[in-house]
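Structural overview for review
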Amino acid sequence: MLGRFGTLTPLLQNVQIQQQQRGMATLKSISIRLKSVKNIQKITQSMKMVSAAKYSRAERELKAVRPIGDGAKQFYEKAEIAALPDIPQKLVIAITSDRGLCGACHTSVARHIRTELNKDNQNIKVVCVGDKSRAILQRIYGKNIILACNEIGRLPPTFIDASKLADAILRSDYQFSSGEIVFNRFRSVVSYVTETLPVFSLASVTAAPKLSVYDSLDDEVIQSYLEFSLAALVFYAMKEGACSEQSSRMTAMDNASKNAGEMIEKLTLTFNRTRQAVITRELIEIISGASAL
Amino acid sequence: MATSRVVSRLLPRRSFNTPPKRGYADKMRLTFCAGNQMFHNGDTVRQVDVPSFSGCFGILAEHVPTLAILRPGVVTVFEDDGSERKIFVSSGTVTVNADSTVQILAEEAHPIENLDSTTAKEMLSKAQSLFLSATTDEDKVEAQIGIEVGEALVEAL
């Protein structure tokens, strides 16, 4: 007897639970979900405001810094410096940052580097500026990373940061003949482009055919010039990258807020429908109960 | 046809009236910027005086292409209209290219008007005392750099 009663009660409970689980029909679960999506919308909206403010400052600073990048590039273009064929070692500097939620900024830089590494694994070493590029590249190409920097992205980049990085690169004793800085060049609020800037070593510069046009140069001058110009190019790339990242985060958070708003609308409609259904069900129960009497 | 006759009459008249102008050889375009701001971006100027480790020299258009490292000192820019501007730089590079474009990239640059001579003297004395108290080679070199900048600042003001 007890056994029969024992099996009956769990069956009843199961039916009730099934009724509750049917398509989120409980008011409670919908209202919990609604509250959490509203919180998320508030967070994404505030992130958008913050990155809009940071973006406007970054764009202003970038305008003042653009000539540095163009100016530093000029020498390498006009002297037509190229990599030495007998030293195939290359150095790649990936400019990203520590923080995510900024669209495809970090992945596009990492993808560019990954395609390069796929072609030639042995002769390329990577310097990761920012935790994001390190996280993406570490899994397969961990052996190729020689330097990693963090605490990037919180504050706007300064020339001192760039010169510390250039110093660390030159002190790392990695003998390379050429290299590139991979960064996102800022085009407009809604678009950026992943580009590269050239980096050359003392040996490639001295071997350049057009170098003789330049007067009164000795190795010391060229070495100091290269060190400074590496710092200037890294600084320019960091500024461009920061601006692209802030604008990308702004649009990403804006889209997230819009999506959250749509979800809130749909959830509110479901909530109201469910509320009316519950009231109707209770009324039916009462009325059918009363009519049974 | 009438217009072409009018034009041909105008041209010789013009060459009589205008006196021959003194020409500086083909314009020199200067790009002068620092970590914090931009002073010139491809502007045409007459002459630029730069202090460098290989000596102070003035750059005019058609200067021989060269590279130089800036030492702490004053860069003087002589504009086309004759005015000159003095800007103090801490360090950087100068590139003169074959097509008369000049790029001066400075680490930090400030117009002389913005600098205060008493603060500069204080900076120099502080750097000198740091140099005396420095123990490692690196500290000594860093203090030496501070002294150079301080001396150049005091000299410029």
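We now turn to the structure provided with this report. Keep in mind that what you see is a predicted model, and the values were worked out from it rather than measured.

The rules behind the values
- Residues numbered from 1 in each chain as written.
- Chains lettered and ligands numbered in written order.
- Predicted model: local features only at pLDDT ≥ 70, side-chain atom pairs only at ≥ 80, totals over all residues.
- Heavy atoms only, no water.
- Helix = DSSP H or I, 4+ residues; strand = E, 2+ residues; numbered from the N terminus.
- Contact = heavy atoms within 4.5 Å.
- Areas by Shrake-Rupley, 256 points an atom, 1.4 Å probe, with all protein chains shown as cover.
- Rg over C-alpha atoms; globule rule 2.2 N^0.38 Å.
- Buried < 20%, exposed > 50% of the residue type's maximum accessible area, 1.4 Å probe, protein only.
- Phe/Tyr/Trp six-rings, centres within 6.5 Å; stacked < 30°, edge-to-face > 60°.
- Salt bridge = Lys/Arg side-chain N within 4 Å of Asp/Glu carboxyl O.
- 1 Å grid on protein atoms, 1.4 Å probe; cavity = no way out; pocket = protein on both sides within 12 Å on 5 of 7 lines; lining within 4 Å.
- Points joined across faces, edges and corners; volume = space filled by probe spheres on them.
- Core = buried A, V, L, I, M, F, W, Y, C linked by side-chain atoms within 4.5 Å.
- Buried area = accessible area lost by both parts, 1.4 Å probe.
- Polar contact = N/O pair within 3.5 Å; in protein donor to acceptor, adjacent residues only side chain to side chain.
- Nonpolar A, V, L, I, M, F, W, Y, C, P; charged D, E, K, R; others polar.

This part covers the overall build of chain B. Check the secondary structure of chain B and you find three helices and nine strands. Mapped from its N terminus to its C terminus, chain B presents α and β elements in the order α-β-β-β-β-β-β-β-β-β-α-α. Across chain B, contacts joining residues at least 24 apart in sequence account for 52% of those joining residues at least 6 apart. Accessible surface, chain B: about 9,200 Å² in total, of which carbon and sulfur atoms supply 55%.

Our next topic: the overall build of chain A. Helices and strands together make up the secondary structure of chain A, namely seven helices and five strands. Along the chain direction, N to C, the helices and strands of chain A fall in the order α-α-β-α-β-α-β-α-β-β-α-α. Rg of the C-alpha trace for chain A: 30 Å, well past the compact-globule value of 19 Å for 293 residues, more than 25% over. Referenced to the eigenvectors of the C-alpha coordinate spread, the extents of chain A come out at roughly 115 × 45 × 25 Å. The buried share among the 293 residues of chain A stands at 38%.

The next point concerns the packing of aromatic side chains. Residue and element names in this part refer to chain A. Applying the stated criterion across every chain, the model contains 10 aromatic pairs over all chains. Geometrically, the ring pair formed by phenylalanine 75 and tyrosine 214 is edge-to-face, given 5.4 Å between the ring centres and 80° between the ring planes. Placement of the pair is phenylalanine 75 in helix 2 (residues 27-78) and tyrosine 214 in the loop between helix 6 (202-206) and helix 7 (219-292), with a sequence separation of 139 residues. Under the relative-accessibility criterion, phenylalanine 75 is labelled buried at 0%. Centroid distance phenylalanine 75 to tyrosine 225: 5.1 Å. Interplanar angle 75°. Geometry classified as edge-to-face. Here the residue phenylalanine 75 occupies a position in helix 2, and tyrosine 225 occupies one in helix 7, the gap between them amounting to 150 residues. What links up through ring pairs into an aromatic cluster is the set Phe75, Tyr76, Phe200, Tyr214 and Tyr225.

All names here are of chain A. Taken as a whole, this structure holds 13 salt bridges over all chains when the rule is applied. For aspartate 167, the salt bridge is made with arginine 171, and the minimal N-O distance between the two is 2.7 Å. With aspartate 167 and arginine 171 both in helix 5 (residues 159-171) and four residues apart, the pair spans about one turn of that helix. With relative accessibility at 35%, the residue aspartate 167 sits in the partly exposed group. Ionic contacts of the salt-bridge type, sharing partners, join the residues Lys48, Asp254 and Lys258 into one network.

This part covers the layout of surface pockets. Residues and elements named next belong to chain A. Reported here for the second largest pocket is a volume of approximately 640 Å³. If you go around the second largest pocket, you meet 30 residues; those closest to its centre are Ile152, Gly153, Leu155, Pro156 and Pro157. Listing elements by their share of the lining of the second largest pocket, those giving two or more residues are helix 2, helix 3 (105-119), helix 5 and helix 7. Ranked by the residues each element gives to the lining of the second largest pocket, the list is headed by helix 7, at seven residues.

What follows is about the environment of Ala79(A). All names here are of chain A. Mapped onto the elements of the fold, alanine 79 is located in the loop between helix 2 and strand 1 (90-95). When the C-alpha positions of alanine 79 and valine 205 are compared, they lie 8.7 Å apart, and in sequence the two are 126 residues distant. Dropping the residues within four chain positions of it, alanine 79 is found in contact with Ala208, Lys210 and Tyr214.

Bringing the nonpolar core into the picture now. In this structure, Phe75(A), Ile81(A), Ile93(A), Ile95(A), Ile181(A), Val205(A) and Val234(A) are the most contacted members of the largest nonpolar core, which totals 48 residues. Listing elements by their share of this core, those giving two or more residues are helix 2, strand 1, strand 2 (124-129), helix 5, strand 4 (178-188), strand 5 (191-200) and helix 7 of chain A together with strand 4 (66-70) of chain B. Look past the residues within four positions of Ile95(A) in its chain and what remains in contact with it is Val109(A), Val129(A), Ile181(A), Val182(A), Phe183(A), Ala237(A) and Met238(A).

Another point: the interface of chain A and chain B. Note on interface size: it is often stated as the accessible area lost on association of the parts. Of the residues lining the interface, 22 residues belong to chain A; the matching set on chain B comes to 29 residues. Taken together, both faces of the contact between chain A and chain B bury some 1,900 Å²; the carbon and sulfur share is 72%. When residues of chain A are sorted by the area they lose upon contact with chain B, Pro67(A), Tyr225(A) and Phe228(A) head the list and together hold 29% of the total. The interface formed by chain A and chain B includes one salt bridge. For the salt bridge of Lys78(A) with Asp99(B), the shortest nitrogen-to-oxygen distance reads 3.2 Å. The interface formed by chain A and chain B includes four residue pairs in polar contact (both at pLDDT 80 or more). For the side of chain A that touches chain B, the elements supplying multiple residues, two or more each, are helix 2, helix 5 and helix 7 of chain A. Among the elements that line the side of chain A that touches chain B, the one with the most residues is helix 2 of chain A, at 10 residues. A breakdown of the residues in the side of chain A that touches chain B according to their chemical character gives 14 nonpolar, four polar and four charged.

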